[in-house]
Amino acid sequence: METLKRSAKDLLGLKLTRAQLQAFENYALELTAWNQHTNLTTILDPQDILVKHFLDSLSCLPAINRRHNPKRALRVVDVGSGAGFPGLPLAIMRPDIQLTLVDATEKKCAFLRHMVAELGLITARVLHRRAENLGWDREHRGHYDWAIARAVARLPVLLEYLLPLTRSDGRCLAQKSEGARTEIQAAGRALAVLGGEVENVLSVELPGIAEPRHLIVIKKVAATPDGYPRRAGVPVKRPLR
Ligand code: SAH
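Summarised in this report is the structure supplied together with it. What you see is a predicted model; the values in this text were computed from it and never measured. (Residues numbered from 1 in each chain as written. Predicted model: local features only at pLDDT ≥ 70, side-chain atom pairs only at ≥ 80, totals over all residues. Heavy atoms only, no water.)

## So, the overall build of the protein chain
Now for step 1: When helices and strands are counted, the protein chain shows eleven helices and seven strands.
Now for step 2: Against the 2.2 N^0.38 benchmark of 18 Å for 241 residues, the protein chain shows a C-alpha radius of gyration of 17 Å, consistent with a compact globule.
Now for step 3: With 241 residues in all, the protein chain has 54% of them scored as buried.
Now for step 4: Taking as baseline every contact in the protein chain between residues at least 6 positions apart, the subset at least 24 positions apart corresponds to 70%.
Now for step 5: Approximately 11,000 Å² of the protein chain is accessible, and the part contributed by carbon and sulfur atoms is 49%.
Now for step 6: A gap of 5 Å separates the mean positions of the 35 positive and 25 negative side-chain charges of the protein chain. (Helix = DSSP H or I, 4+ residues; strand = E, 2+ residues; numbered from the N terminus. Rg over C-alpha atoms; globule rule 2.2 N^0.38 Å. Buried < 20%, exposed > 50% of the residue type's maximum accessible area, 1.4 Å probe, protein only. Contact = heavy atoms within 4.5 Å. Areas by Shrake-Rupley, 256 points an atom, 1.4 Å probe, with all protein chains shown as cover. Lys, Arg positive; Asp, Glu negative; His and termini not counted. Charge placed at Lys NZ, Arg CZ, Asp CG, Glu CD.)

Below you can see the structure in the form of structure tokens.
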């Protein structure tokens, strides 16, 4: 936990309170315990959990903070959250965020619900849904200030999940490793069709991790047309290109 505390401060300028550190410790314990019976993650070494899960997730926070509108709670949807990354670490730091965690797999959602209760995140909710179906739901389409995801799909596919959920002028955030630039090049048509524009690509360095990490920030500049997202499974099968 000392590593997390120090790195969060040095790399991201985040000061973790004792309660927040306790929450992360609790999270690591629960993740490890649940993983014995439910396949949640392959990253299990305690140090790796701190860096590759927690710190990596927290690296989104400065980007999100920069565009915070204090007039109302920030609405964030984490699509394909899995064991809660990057969404839950963000909520530990910013419990005022209205966080929606979405995953297509029920066993992941069961863990997410458990953690939301354990961590006392009263404004967070967990939805067992596919992103494509959520994008058609009037309650969710165009509703979020930020639609974020890590390790869910390549950018052209991911944009079809994220952009329909984002409000106009809102942002999507895709956490990517070294292939970020190539993925952006491949996403030209998806951006044009779905109403997005690459606003920023931020590089993140994590302690002891050689491969670069990138945060691709996409601004929603036009309404996503009717017809998108396409039916569940179609974006993966026939990515926009
Ligand atoms: N974001 C987490 C999990 C990545 S694994 C992390 O970085 O650790 C990808 C997750 O996305 C899986 O849990 C899978 O069930 C979910 N997923 C994949 N396609 C999805 C879709 N179309 N809608 C919702 N969830 C999806």
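## Considerations on the sheet that holds strand E1 (residues 75-79)
Each strand in a sheet pairs with another by means of backbone hydrogen bonds, the pair being arranged parallel or else antiparallel.
Now for step 1: With mixed pairing, the seven strands of this open sheet are ordered in space as E3-E2-E1-E4-E5-E7-E6. Either end of the sheet is taken by a strand with one partner, and the two such strands are strand E3 (125-128) and strand E6 (196-204). The average angle at which neighbouring strand axes cross in this sheet is 20°, direction not considered.
Now for step 2: Two elements, strand E5 (residues 166-176) and strand E7 (residues 213-220), share six bridges in a ladder whose sense is antiparallel. From the neighbouring strand, Leu173 faces E7, where its bridge partner is Val217.
Now for step 3: Strands in contact with helix H3 (residues 46-58) are strand E4 (144-150), E5 and E7; relative to E4, the strand with the most contacts, it is inclined by about 155°.
Now for step 4: On top of the sheet, helix H6 (residues 106-118) reaches strand E2 (98-103) and E3; it is set at about 170° to E3, its chief contact. (Pairing = 2+ DSSP bridges. Axes fitted to C-alpha atoms, helices over the stretch in contact; angles between N-to-C directions.)

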